Amino acid sequence: SSSSSSSSSSYSGYHQIKALLNAAHEHLQRNEAGEALQKYLGAIQSCSQEGLGVKHAIRTRAHSGAAHASIELGQWESAATHFLQSVEGFEVAYPDAHPVKAVEILLCAKVLWLKKETDLALQYLRRAFNLLEITHGPNHALTKECMRKEREASAELAEIKRQSQDSLDCDD
């Protein structure tokens, strides 16, 4: 009967994770981002212990929540780490164009840009833009914002490359 005990432990583990996610969501709704983040991190740890893969829907939900809580706390490093994980999960959950995936990718791009990871941010902005055009339409505020940010990031990257080329030219 060892198989019945292992299935009951994963059953209770699953319910424990769901309880953590629900509690975290409630904390986030009450603007208690620190408490929410702790619950989301607990859920992610429990997902690992239960053997739920990095792209599992529940783990994706936990990473997405942790990213949003991290933003509220101004913890960009944490937000980026969790967004990169959640985007991977959303790719599996929503292989086609989906509004939730589009917005998650856009948020990931914004956080990466805040962290001055302009190159990676630009890649995510382009992915988000392609999806937002389909899911929200070309005239939606998010699509337009994404296009604007994509242009700004492209210009910023071109300037960085120009400056590094200028400094190389000065070294001669």
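Caption draft 1: Layout of the overall build of the protein chain. The helix and strand tally for the protein chain stands at 7 helices and 0 strands. Each helix and strand of the protein chain, ordered N terminal to C terminal, gives the series α-α-α-α-α-α-α. Principal-axis analysis of the C-alpha atoms gives the protein chain an extent of 75 × 40 × 35 Å. Evaluated residue by residue, the protein chain yields a buried proportion of 36% over its 172 residues. Taking as baseline every contact in the protein chain between residues at least 6 positions apart, the subset at least 24 positions apart corresponds to 56%. By element, 52% of the accessible surface of the protein chain is carried by carbon and sulfur atoms, the whole surface being about 9500 Å². Averaging the positions of the 18 positive and the 22 negative side-chain charges in the protein chain gives two centres separated by 6 Å.

Caption draft 2: Fine view of the layout of surface pockets. Considered as a void within the structure, the largest pocket measures approximately 150 Å³ in volume. Around the largest pocket, the lining residues are Leu 28, Tyr 40, Ala 57, Thr 60, Arg 61, Ser 64, Gly 65, His 68, Gly 89, Phe 90, Ala 93 and Tyr 94. In terms of residues, the lining of the largest pocket owes the most to one element, helix H3 (residues 57-72), which gives 6 residues. Residue classes in the lining of the largest pocket are distributed as 6 nonpolar, 5 polar and 1 charged.

Caption draft 3: Just the packing of helix H5 (residues 99-114) against helix H6 (residues 118-135), in detail. Contact geometry for H5 and H6: axes closest at 8 Å, N-to-C directions at 155 degrees. Taken as axis vectors, H5 and H6 run roughly antiparallel relative to one another. The crossing of H5 and H6 is left-handed. Only Thr 118, Leu 120, Ala 121, Tyr 124, Leu 125, Arg 127, Ala 128, Leu 131, Leu 132 and Thr 135 of H6 make contact with H5, whose side of the interface consists of Pro 99, Lys 101, Ala 102, Ile 105, Leu 106, Cys 108, Ala 109, Leu 112 and Trp 113.

Caption draft 4: Highlighting unusual backbone geometry. Unusually for a residue other than glycine, Asn 31 sits at a positive phi of about 60 degrees. Along the chain, Asn 31 falls in the loop between helix H1 (2-29) and helix H2 (33-49). Owing to a relative accessible area of 69%, Asn 31 belongs among the exposed residues under this scheme. Within the chain, Lys 116 stands out as a residue other than glycine whose phi angle is a positive 70 degrees. Here Lys 116 shows up in the loop between H5 and H6. Lys 116 sits in the exposed class, given a relative accessible area of 66%.

Caption draft 5: Spotlight on the pattern of salt bridges. Applying the stated criterion to the full structure yields 10 salt bridges. Between Lys 55 and Glu 88 there is a salt bridge, with its nearest N and O atoms 3.9 Å apart. Of this pair, Lys 55 sits in the loop between H2 and H3 while Glu 88 is found in helix H4 (residues 76-93), placing the two residues 33 residues apart along the sequence. On the basis of relative accessibility, which here comes to 36%, the residue Glu 88 falls in the partly exposed class. Counted as one network, the salt bridges with shared partners bring together Glu 77, Lys 115 and Glu 117.

Parameters at a glance
- Residues numbered from 1 in each chain as written.
- Predicted model: local features only at pLDDT ≥ 70, side-chain atom pairs only at ≥ 80, totals over all residues.
- Heavy atoms only, no water.
- Helix = DSSP H or I, 4+ residues; strand = E, 2+ residues; numbered from the N terminus.
- Buried < 20%, exposed > 50% of the residue type's maximum accessible area, 1.4 Å probe, protein only.
- Contact = heavy atoms within 4.5 Å.
- Areas by Shrake-Rupley, 256 points an atom, 1.4 Å probe, with all protein chains shown as cover.
- Lys, Arg positive; Asp, Glu negative; His and termini not counted.
- Charge placed at Lys NZ, Arg CZ, Asp CG, Glu CD.
- 1 Å grid on protein atoms, 1.4 Å probe; cavity = no way out; pocket = protein on both sides within 12 Å on 5 of 7 lines; lining within 4 Å.
- Points joined across faces, edges and corners; volume = space filled by probe spheres on them.
- Nonpolar A, V, L, I, M, F, W, Y, C, P; charged D, E, K, R; others polar.
- Axes fitted to C-alpha atoms, helices over the stretch in contact; angles between N-to-C directions.
- Parallel < 35°, antiparallel > 145°, perpendicular 65-115°, else oblique.
- Left-handed = near helix turned anticlockwise from the far one by under 90°.
- Salt bridge = Lys/Arg side-chain N within 4 Å of Asp/Glu carboxyl O.

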